[in-house]
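These are the residues of each chain, in order.
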Amino acid sequence: MSTAPPSARWRRRKDARPSEILEAALAVFAEKGLMAARMDDIASRAGVTKGTIYLYFENKAAVFRALLTESLGERLAMATTMVQSYEGPTPVLLANILRFVGSFVAISNRAMLPKLVIGEIQHFPELHRFYREEVIERGLSLWRIILERGIARGEFRPLPVEHVTRVCIAPVLVAAIWRALFDPLEAEPYDVQGLIETHIDILLKGIAA
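Residues numbered from 1 in each chain as written. Predicted model: local features only at pLDDT ≥ 70, side-chain atom pairs only at ≥ 80, totals over all residues. Heavy atoms only, no water.

**Focus on the pattern of salt bridges**
Okay, step 1: In the structure shown here, the tally under the stated rule is 14 salt bridges.
Okay, step 2: A salt bridge links Lys50 to Asp40; its shortest N-O distance comes to 3.5 Å. Residue Lys50 is found in helix α3 (residues 50–56), and its partner Asp40 is found in helix α2 (residues 39–46); the two are separated by ten residues along the sequence.
Okay, step 3: For Lys50, a relative accessible area of 34% translates into the label partly exposed.
Okay, step 4: Assessed through its relative accessible area of 36%, Asp40 is described here as partly exposed.
Okay, step 5: In this structure, Arg99 and Glu197 form a salt bridge, with 2.6 Å as the shortest nitrogen-oxygen distance. Of this pair, Arg99 sits in helix α5 (residues 90–107) while Glu197 sits in helix α9 (residues 192–207); the two residues are 98 residues apart in sequence, bridging distant segments of the chain.
Okay, step 6: Its relative accessible area of 34% is what places Arg99 among the partly exposed residues.
Okay, step 7: Residue classification places Glu197 among the partly exposed residues on the basis of a relative accessible area of 34%.
Okay, step 8: Counted as one network, the salt bridges with shared partners bring together Arg38, Asp40, Asp41 and Lys50. (Salt bridge = Lys/Arg side-chain N within 4 Å of Asp/Glu carboxyl O. Helix = DSSP H or I, 4+ residues; strand = E, 2+ residues; numbered from the N terminus. Buried < 20%, exposed > 50% of the residue type's maximum accessible area, 1.4 Å probe, protein only.)

**Concerning the layout of surface pockets**
Okay, step 1: In this model, the largest pocket occupies a volume close to 740 Å³.
Okay, step 2: Tyr131, Val135, Ile136, Ile169 and Leu173 are the residues nearest the centre of the largest pocket, which is lined by 31 residues in total.
Okay, step 3: Of all elements in the fold, only α4 (60–85), α5, α6 (113–120), α7 (125–152) and α8 (161–182) reach the threshold of two or more residues within the lining of the largest pocket.
Okay, step 4: Broken down by element, the residue count for the lining of the largest pocket peaks at nine residues, all from α7.
Okay, step 5: Per-class residue counts for the lining of the largest pocket are 23 nonpolar, four polar and four charged. (1 Å grid on protein atoms, 1.4 Å probe; cavity = no way out; pocket = protein on both sides within 12 Å on 5 of 7 lines; lining within 4 Å. Points joined across faces, edges and corners; volume = space filled by probe spheres on them. Nonpolar A, V, L, I, M, F, W, Y, C, P; charged D, E, K, R; others polar.)

**Brief notes about the packing of aromatic side chains**
Okay, step 1: Inspection of every chain in the model, using the stated rule, returns three aromatic pairs.
Okay, step 2: Look at Phe29 and Phe64: their rings are 5.6 Å apart centre to centre, the planes differ by 75 degrees, and that puts the pair in the edge-to-face class. One end of the pair, Phe29, is in helix α1 (residues 6–32); the other, Phe64, is in helix α4, and 35 residues separate them in sequence.
Okay, step 3: Taking relative accessible area as the criterion, Phe29 reaches 0% and is therefore assigned buried.
Okay, step 4: Here Phe64 falls in the buried class, since its relative accessible area comes to 0%.
Okay, step 5: Between Trp178 and Tyr190 the ring centres are 6.1 Å apart and the planes differ by 50 degrees, which places this aromatic pair in the tilted class. Placement of Trp178 in helix α8 and of Tyr190 in the loop between α8 and α9 is noted, with a sequence separation of twelve residues between them.
Okay, step 6: Within the aromatic cluster, the residues linked to one another by ring pairs are Trp178, Phe182 and Tyr190. (Phe/Tyr/Trp six-rings, centres within 6.5 Å; stacked < 30°, edge-to-face > 60°.)

Encoded structure:
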């Protein structure tokens, strides 16, 4: 039995509500899609009133934007910190970043987000623009920094960076979409970590100086 005063328990509960709402929203978006999902559905799944959701989020698009920021945006920020603080060989850095991203795709229920983005986000111009600027552009910029670092140090061949950035991330997106579409139908989840390790091996051999 909790010994914390009621006010402290209330604060903890209130602080937890945004994350609980986001978890419920992700489940609803996965079941119904972004277009068909309603705030009432999210409220019911979260066990709160619709009015409670509006205390934290302006509308459905704001909920989805928060999901993108809380999951993909935070991982991008962490990866950026890893790149900025790293001083060793660039091939090792590239492999570490791919493993970091791959582990997120392998175990997180947020792997559903790319499928939703590809399938429906174009119907929400504000979200479409937000995803392009805050996720895609930031992600490509990060890969660009890694590749240009390796080229400048003579570790990678001087290949077209704009194309190689997309080669770096493509198998990760495939893994995320595969998990979202086919994991429920398979006896065992697909080995995303194995795919990432294979990708690292092929990629580093292909771009090595």
